[in-house]
Protein chains: 2
Amino acid sequence: MTTRAIKMGKLDLGGGAPPAVQTMCDTDTRDAEATLAQIARCAEAGADIVRVAVPDSRAALALERIAAESPVPVVADVHFDWRLAARALRAGASGVRVNPGNIGGPAKLMRVVEECARSGACLRVGVNAGSLDPEMARRLGRGPEAMCESALQETRLVEDSGFRNYKVSLKASGVLDTVAAARLFAKASDVPQHLGVTEAGPLVQGIAKSAVALGILLSEGVGDTVRVSLTAPPEAEVEAASEILRALGLRARGVEYVSCPTCGRCRIDLPKLLEDVRARLSDVKAPLRVAVMGCVVNGPGEAREADVGVAGGLRRGRLFMRGSPVADLPYSRLAQALEELARKVIRERGEEGGKA
Amino acid sequence: MTTRAIKMGKLDLGGGAPPAVQTMCDTDTRDAEATLAQIARCAEAGADIVRVAVPDSRAALALERIAAESPVPVVADVHFDWRLAARALRAGASGVRVNPGNIGGPAKLMRVVEECARSGACLRVGVNAGSLDPEMARRLGRGPEAMCESALQETRLVEDSGFRNYKVSLKASGVLDTVAAARLFAKASDVPQHLGVTEAGPLVQGIAKSAVALGILLSEGVGDTVRVSLTAPPEAEVEAASEILRALGLRARGVEYVSCPTCGRCRIDLPKLLEDVRARLSDVKAPLRVAVMGCVVNGPGEAREADVGVAGGLRRGRLFMRGSPVADLPYSRLAQALEELARKVIRERGEEGGKA
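We now turn to the structure provided with this report.

Cut-off values and rules
The numbers attached to residues start from 1 for each chain and follow its sequence in the written order. As they are written, the chains are lettered A onward and the ligands numbered 1 onward, keeping that order. Local features are withheld for residues below a pLDDT of 70 in this predicted model, meaning they are given only at 70 or higher, and side-chain atom pairs are given and counted only at 80 or more; totals for whole chains, interfaces and linings count all residues. With hydrogens and water excluded, all non-hydrogen atoms of the structure serve as input to the side-chain values. Each copy is superposed on the other by least squares, with the fit set by C-alpha atoms of residues at a pLDDT of at least 70 in both. In what follows, residue pairs with any heavy atoms lying within 4.5 Å of each other are defined as contacts. One side-chain nitrogen of Lys or Arg within 4 Å of one carboxyl oxygen of Asp or Glu is enough to make a salt bridge. Side-chain atoms alone can form a polar contact between residues adjacent in sequence; in general such a contact is a pair of N or O atoms within 3.5 Å, and within protein one must be able to donate a hydrogen while the other accepts it. Comment: elements are numbered from the N terminus, with helices defined as DSSP H or I runs of at least four residues and strands as E runs of at least two. Gly counts as polar in this scheme, as do all residues outside two lists: the nonpolar Ala, Val, Leu, Ile, Met, Phe, Trp, Tyr, Cys and Pro, and the charged Asp, Glu, Lys and Arg. The rule for pairing is simple: two strands pair if DSSP sees at least two bridges between them. Lines are fitted to the C-alpha atoms to define the axes, a helix being fitted only along its stretch in contact, and any angle between axes, read from their N-to-C directions, falls within 0 to 180 degrees.

This brings us to the relation of the copies chain A and chain B. Two copies of a chain can be linked by a rotation about an axis combined with a shift along that same axis. Of the transformation placing chain A onto chain B, the axial shift is 0.0 Å and the rotation is 180°, giving an RMSD of 0.0 Å. The superposition of one copy onto the other is thereby described by a two-fold rotation axis. With an isologous cut-off of 70% or more, the 100% of interface residues of chain A that recur at the interface of chain B puts this contact in the isologous class.

In this complex, chain A contributes 73 residues to the contact, which on the side of chain B involves 73 residues. There are two salt bridges connecting chain A and chain B. Across the salt bridge formed by E256 of chain B and K209 of chain A, the nearest N and O atoms sit 2.9 Å from each other. Viewed at the interface, chain B and chain A are joined by 14 residue pairs in polar contact (both at pLDDT 80 or more). Of all the secondary structure elements, the ones that give two or more residues to the side of chain A that touches chain B are helix 7 (175–188), helix 8 (203–219), helix 9 (234–247), strand 11 (255–259), helix 10 (270–280), strand 12 (288–293) and helix 11 (299–305) of chain A. The element that contributes the greatest number of residues to the side of chain A that touches chain B is helix 8 of chain A, accounting for 11 residues. Its residues assigned to classes, the side of chain A that touches chain B comprises 32 nonpolar, 21 polar and 20 charged.

Attention now moves to the sheet that holds strand 11 (residues 255–259) of chain B. Residue and element names in this part refer to chain B. With mixed pairing, the five strands of this open sheet are ordered in space as 11-12-13-14-15. At either margin of the open sheet sits one strand with a lone partner, and together these are strand 11 and strand 15 (324–330). On average, each strand axis in the sheet is inclined to that of its neighbour by 20°, with strand direction left out of account. Pairing between strand 13 (residues 308–312) and strand 14 (residues 316–321): five bridges, direction antiparallel. What sits directly across from G312, in strand 14, is G317. Each of strand 12 (288–293), strand 13, strand 14 and strand 15 is contacted by helix 12 (residues 334–349), which is oriented at about 0° to strand 14, the strand it contacts most.

Residue and element names in this part refer to chain A. Pairing within the closed barrel is parallel, and its eight strands lie in the order 3-4-5-6-7-8-9-10. Ignoring strand direction, the axes of neighbouring strands in this sheet form an average angle of 25°. Sheet analysis places strand 4 (residues 49–53) next to strand 5 (residues 74–78), joined by four bridges and oriented parallel. If you follow V52 over to strand 5, its bridge partner there is A76. Against the sheet, helix 1 (residues 32–45) touches strand 3 (20–24), strand 4 and strand 5, its axis set at about 150° to strand 4.

None of the figures reported here should be taken as evidence of function without further support.
Structure follows, in structure tokens:
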């Protein structure tokens, strides 16, 4: 079932729009300069939405400049005090996220809804297994059913007010609970969902957990915007989220690398070659498939399927473009030659990133 | 449908056994010393099976020592020359992997099958989109149908010989093709499957692609052993694969961290605290859930769900054990205190890793 279409600033969410990538700044929001610099890096990496914590009035005030200068919609993350949400919205935030488990009850949630309606902002009602309404937790526990029931209860409240421009999230730190809760909610409601595994942990574990959960849900058509939550810089979250979407055919931006893990057959320094090529092509936004392969077993085959590629031999490599070998070169010249080939393909397509 | 049960050395595969994690050495197999050291590190990280490339006779010969001293079953990866597979098996390999697209035709594949039957080894028939049999590729292309048909054609050959102790893999570098091919094969055959996205690429992209593909398939009950293929050391592949299995509730070994991404609310150096705690608990094999949280919003809730945890405040933190707060300590003492608490919990359960 397709969710309803909603708006976050100029960005379309839900209603079949491609899933949007979001992240959250780890800067002090009161430091507008540092926060804007981080938002710019995240947007460059592919973030469609950036969230900032608003723990006090000074942070809400700093949003005036942040929201005005940010290249992407800014969402205020508010807990405990609904008035901070109101201040953030009046300062120009395109959205606000509140947690019904700690905002102080339905009346206060409705004050936030009124402020969103007044400013045309998008609301997220963020249900979290770790901070469920105590009454709900007593009655239904902290599993998927309790999370879904809690989210549905909040949506009934919001719907009653006539406000429609909102989404929900149902986050748990366990993958199976996250998947089950999101599926339950998607069956019961057309309200768009923000997906994420909360407190997913350090880099490798966090990406693995998030990709499993988001992969299962997005492949079933559930999820309108995603966040990969990592104990790592927000730029890494954006990269991981973008790769998850690309793996599912839901995002095509930038270079996809097909590169082999290397084994006892590899006779060139492949990780170094890959790093060199990635650094050279880091500015490319056009969709491009680049193969960097160590040997002749899978190398030519995979290089053939890519837009451009290289397959290593003994201290040399063979370059491919759109399936055809174009040159044999010594190792030291491979990275630059592959970059030139890649930019040629992009230029010929008339896309950005094809500078000579 | 449950796959048939097969054996790799003493390891059970298929037939409902938990999915086994495997990786592949990037050492020169002829250097038995270096290869055994890497196998030991991979086994310590959680690998159940390790594969090594056998590109020539000297590599096959080196397997005598490698197979004898490895703590886990060793699989020989062979291309082009079936006699190398025979030599590797006679040297003691527990399994061999051949690619029907390049081993030289059905008669040579059958020679490998005979050698496996003779030595009690496990065979993997590894179909790869990049090196499909040219005739098959001409007829059906290189998509999921061609991959599945190619795998089924090989299984018919092997079954006709009466040999049963084998598995297949159907690998593509695209996630959606990998998922579709594995699903098709699982519907058509009870032969166990080795899952993996081939040439998945650099760390973040590679984990994301692998976790999406393996997450979808394993959650549907497809897959008996997995490899995460990364352009990164094999130990990282093992960590990523283990995390994917754990996310799905299919592996419980070692510490799971619940740690937050930090935001403008965090007032302690959380990444540093997390790194310190991870280093202290790196030897723990017993299943344990440890929360390392930056603030009071989700902190106490998540710390409550974990075996042990810490929730940060202003330069201090509160420790939790099985849901109850046990101490408030300054930042500098948190890591050590959390380690002590974790080992206490493990000791009380009578599990390994609880040294005082």
